[in-house]
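# A closer look at the structure
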There are 2 protein chains.
Amino acid sequence: MLSNACKYAIRSILYLAIHSDDSKKIGVKKIAEELESPQPFLAKLLQQLSKKNLVSSVKGPSGGFYLSKSNLENSVWNTIECIDGTDKFTKCFMGLSSCGDENPCPVHFTVAPFKQKILHDFKDRTIRDFAEEIKLKGRRISLKDFEVT
Amino acid sequence: MLSNACKYAIRSILYLAIHSDDSKKIGVKKIAEELESPQPFLAKLLQQLSKKNLVSSVKGPSGGFYLSKSNLENSVWNTIECIDGTDKFTKCFMGLSSCGDENPCPVHFTVAPFKQKILHDFKDRTIRDFAEEIKLKGRRISLKDFEVT
DNA sequence: ACAAAAAAAGACAATTATATCTGTTTATAT
DNA sequence: ATATAAACAGATATAATTGTCTTTTTTTGT
Ligand code: FES
Ligand code: FES
């Protein structure tokens, strides 16, 4: 559903939400290893995210990426907007121009409620919320199922 | 969500379900015009569908594509399998290897119910079912909102 | 001040998805 | 029988996505 790029981005942010803060920055190399994602590609993505203030970074030795307090208040929707754009979720599933209850396509009513639900969750829950749940209930964000300390 | 290819394919099949039968075949040109989709690309797709017996065709003058009785008993799931493959629907939304309630990713529980519902609709409802609904309730399958006679 | 470490920036390469073009085969209508 | 209309098949073209490589800039620790 999402592009690889977007999946990497979201997982990185959640990873940072759990493992970093302004006194503990993490480099691309480490992040890429933990998430088992291509390092230079991830670097690009983090730079895009950084431009939109979805992640924070400092250069130089002992620098790296982290999430500031304000970064934690963003939604995953913001990330999707930043990397993929949100057409997939707002436009018609069958590729017709508009999507609405008035002029529905054949699959509209099987897909629409769902879209609503996803949109809601992705827009209303903050990264902080997701991080809490991950810590509390132990969700996976990497293939290696690393510990959530 | 679906590729363009798959969207064109599904819409073509639904179009044929409504407008064709074994005594009334329709050529690619006509279909492409009605659906406003790229003609040669659609031709390729119809050939793929034809190989898997999802559409029927005859060559030569006054030939074209149509849906046989048995074609009408297929599901849209069959079409998705044929064109895109079904990974998008069965695999993890975040790109992790497996998807299940035991080792869920952070978005699993917002996405999973939806997946179920869609899967169900796409697998259990036949093309004939969809065609009925389109005729009865007037769903759009083209941008031009063509009449459903 | 200086060296090293890390992000940032930009050019490049490979793969896949999308789309087109050309020619061949087959069935139909005359 | 023959011309024609259509599907069928295969090669090619374009664009987007995914991924890599190299260089530059900034920051920190010594
Ligand atoms: S009109 Fe197609 S999904 Fe809403
Ligand atoms: S585990 Fe990710 S969607 Fe199910």
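Here, the structure is the one placed above.
Thresholds, definitions, all that
- Residues numbered from 1 in each chain as written.
- Chains lettered and ligands numbered in written order.
- Predicted model: local features only at pLDDT ≥ 70, side-chain atom pairs only at ≥ 80, totals over all residues.
- Heavy atoms only, no water.
- Axes fitted to C-alpha atoms, helices over the stretch in contact; angles between N-to-C directions.
- Helix = DSSP H or I, 4+ residues; strand = E, 2+ residues; numbered from the N terminus.
- Parallel < 35°, antiparallel > 145°, perpendicular 65-115°, else oblique.
- Contact = heavy atoms within 4.5 Å.
- Nonpolar A, V, L, I, M, F, W, Y, C, P; charged D, E, K, R; others polar.
- Near = heavy atom within 4 Å.
- Polar contact = N/O pair within 3.5 Å; in protein donor to acceptor, adjacent residues only side chain to side chain.
- Least-squares fit on C-alpha atoms with pLDDT ≥ 70 in both.
- Buried area = accessible area lost by both parts, 1.4 Å probe.
- Salt bridge = Lys/Arg side-chain N within 4 Å of Asp/Glu carboxyl O.

## Details of the packing of helix 4 (residues 76–83) of chain B against helix 6 (residues 108–124) of chain B
All names here are of chain B. One can describe the packing of helix 4 onto helix 6 by two numbers: an axis separation of 5 Å at closest approach and a directional angle of 100°. For the element pair helix 4 / helix 6, the angle class is roughly perpendicular. Residue-level inspection shows Val76, Trp77 and Ile80 of helix 4 in contact with helix 6, the latter providing Leu119, Phe122 and Lys123. For the contact of helix 4 with helix 6, a count of residues per class yields 5 nonpolar, no polar and 1 charged.

## Let's talk about the protein's contact with DNA strand D
Surveying the vicinity of DNA strand D reveals 27 residues, the closest of which are Pro38(A), Pro61(A), Val28(B), Lys44(B) and Ser57(B). By atom count, sugar and phosphate contribute 64% of the portion of DNA strand D lying within 4 Å of the protein. Separating a phosphate oxygen of DNA strand D from a backbone N or O atom of Asn4(A) is a distance of 3.2 Å. At 4 residues, the largest contribution of residues to the surface near DNA strand D is made by helix 3 (residues 39–51) of chain B. Here the residues of the surface near DNA strand D sort into 11 nonpolar, 11 polar and 5 charged.

## Thoughts on the relation of the copies chain A and chain B
Screw-axis analysis of chain A against chain B gives a translation of 0.0 Å along the axis, an RMSD of 0.1 Å, and a rotation angle of 180°. Such a combination of turn and shift is consistent with a two-fold rotation axis. Closest approach to the rotation axis among the C-alpha atoms of chain A is made by Met1(A), whose C-alpha sits 2.5 Å away. In this assembly, 100% of the residues forming the interface of chain A have copies in chain B that are likewise at the interface, indicating an isologous arrangement.

## Topic: the interface of chain A and chain B
Between chain A and chain B, the residue contacts involve 37 residues of the former and 38 residues of the latter. Interface area, chain A with chain B, both sides summed: about 3,600 Å², of which 71% is carbon and sulfur. Of all residues in chain A, the largest losses of buried area upon contact with chain B belong to Met1(A), Phe93(A) and Arg140(A), amounting jointly to 24% of the total for that side. Taken together, the connections running from chain A to chain B amount to 0 salt bridges. Across the contact surface, chain A and chain B share 6 residue pairs in polar contact (both at pLDDT 80 or more).

## A look at the protein's contact with DNA strand C
What surrounds DNA strand C is a group of 27 residues, the closest being Gly27(A), Val28(A), Lys44(A), Ser57(A) and Pro38(B). Restricting the count to atoms of DNA strand C within 4 Å of the protein gives a sugar and phosphate share of 61%. Between a base nitrogen of DNA strand C and a side-chain N or O atom of Gln47(A), the distance comes to 3.4 Å. A distance of 3.4 Å separates a phosphate oxygen of DNA strand C from a polar atom in the side chain of Tyr8(B). Elements with a minimum of two residues in the surface near DNA strand C: helix 3 (39–51), strand 1 (56–58) and strand 2 (64–66) of chain A together with helix 1 (4–19) and helix 3 of chain B. A total of 4 residues in the surface near DNA strand C trace back to one element, the largest contributor, which is helix 3 of chain A. For the surface near DNA strand C, the per-class residue count stands at 11 nonpolar, 11 polar and 5 charged.

Don't take any of this as a statement about function, it's just geometry.
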